[in-house]
Every structure is written in C-alpha cells, then in structure tokens.
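Coordinate analysis (summary)
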Amino acid sequence: MSQTEMQVWKERLLALRDRLRGEVRQMADTTRTEGGGSSSRLPTHIADLGTDAYDQEFTFQLMENEQEVLDQINASLERIEKGTYGQCEECGARIPSARLVAIPYASMCVKCASDLERG
Ligand SMILES: [Zn+2]
C-alpha cells in the first residue's frame, strides 16, 4: 500500500475514533446520571420500569464493544505507522480494500478472520 493510501486510511480511522469516543462519552454520561448508586437509591422511573434496567445493561455491553473497536482502531493506526496496515496479521496476505472500506480497522483477511471465529 502506498504512503498516500495509508494517509487516507489514517484519516478515516482518526475520524472513526473521534466519533466512537464521542458516543462512548455520551453513553457513559447517560448511565452515570440514571444509574450509579445502590438499588434502593434508583431513581423512581427506573425502579418502576424494569425495562430501563435492561436498557442500561445493554448500554454497558455496547460501551464494552465500542472500547474493543477503539482498541482495534488504535492498533490499526500503529500498523499504519509501521507500514504494515492492510496486511493480514495471520497470513500476511493483502486485505482487499472492499473489506477495509467495510471495516477500516480489520487486522485479518476474511479467510483468517472466519478461521479464527470457527476456532
Ligand atoms: Zn489471512
């Protein structure tokens, strides 16, 4: 991959990281104001509506996933610095640009990624 191409991906990854960070911060703010303390001190609207507690749990899961994605984005930015971005970390094959468009932080080609998922 050329330096120019790397630069384009770097900018995309940085933009994606900014967006995710903003979303994670927003979600963390929401959960802090609505949840937090012990169950006896839950705001009445959460105590009354069981579904809100479920929503809260879902938000935490989402935050965890987004943190994972952020880690992968950071790893991708490191690979750009090293000049190995766009190469499969498993087999060294070039990751097709169509895959990078869908997942700019992909570290493996489709084959290796699905091999890994299958175990
Ligand atoms: Zn591979």
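In this report, we go over the structure that sits alongside the text.

What counts and what doesn't
Residues numbered from 1 in each chain as written. Predicted model: local features only at pLDDT ≥ 70, side-chain atom pairs only at ≥ 80, totals over all residues. Heavy atoms only, no water. Core = buried A, V, L, I, M, F, W, Y, C linked by side-chain atoms within 4.5 Å. Buried < 20%, exposed > 50% of the residue type's maximum accessible area, 1.4 Å probe, protein only. Helix = DSSP H or I, 4+ residues; strand = E, 2+ residues; numbered from the N terminus. Domains from an automatic or database assignment. Contact = heavy atoms within 4.5 Å. Salt bridge = Lys/Arg side-chain N within 4 Å of Asp/Glu carboxyl O. Donors = N, O, S within 2.8 Å, 3.2 Å for Na, K, Ca; no water. Tetrahedral: all angles 85-135°; square planar, octahedral: opposite > 155°, others 65-115°.

Let us now look at the nonpolar core. Nonpolar side chains in soluble globular proteins generally cluster together in the buried interior. In this structure, Leu-13, Ile-73, Ile-80, Tyr-85, Cys-88, Leu-100 and Tyr-105 are the most contacted members of the largest nonpolar core, which totals 20 residues. For this core, the secondary structure elements donating two or more residues are α1 (3-34), α3 (50-82) and α5 (110-118). Shared between two domains, this core holds at least three residues of each, these being domain 1 (3-85) and domain 2 (86-119). Here Tyr-105 is in contact with Leu-13, Leu-16, Val-69, Gln-72, Ile-73, Ser-76 and Arg-79, once residues within four sequence places are set aside.

As enumerated under the stated definition, the model contains five salt bridges in all. Linking Glu-5 and Arg-94 is a salt bridge whose minimum nitrogen-to-oxygen distance equals 3.9 Å. Of this pair, Glu-5 sits in helix α1 while Arg-94 sits in the loop between α3 and α4 (97-102), and the two are 89 residues apart along the sequence. Overall, the relative accessible area of 34% leaves Glu-5 in the partly exposed class. We note a salt bridge from Lys-10 to Glu-81, for which the minimum N-O separation is 3.2 Å. Residue Lys-10 is located in helix α1, and its partner Glu-81 is located in helix α3; the two are separated by 71 residues in the primary sequence. On the basis of relative accessible area, Glu-81 is assigned to the exposed category, the value being 57%. Taken together, the shared-partner salt bridges in this structure form one network comprising Lys-111, Asp-115 and Arg-118.

With that settled, the discussion passes to the coordination of the zinc ion. For the zinc ion, the full set of protein donor atoms is Cys-88 (SG), Cys-91 (SG), Cys-109 (SG) and Cys-112 (SG), at a range of 2.3 Å. Around the zinc ion, the four donor atoms are arranged such that angles at the metal cover 104 to 116 degrees; this shape is classified as tetrahedral. All donors to the zinc ion come from one chain, and their sequence spacing reads C-x2-C-x17-C-x2-C. Cys-91 sits in the partly exposed class, given a relative accessible area of 49%.

Turning next to the side chain of Glu-66. Tracing the backbone through its elements, the reader meets Glu-66 in helix α3. Apart from the residues within four sequence positions on either side, Glu-66 is in contact with Leu-20, Glu-23, Val-24 and Met-27.

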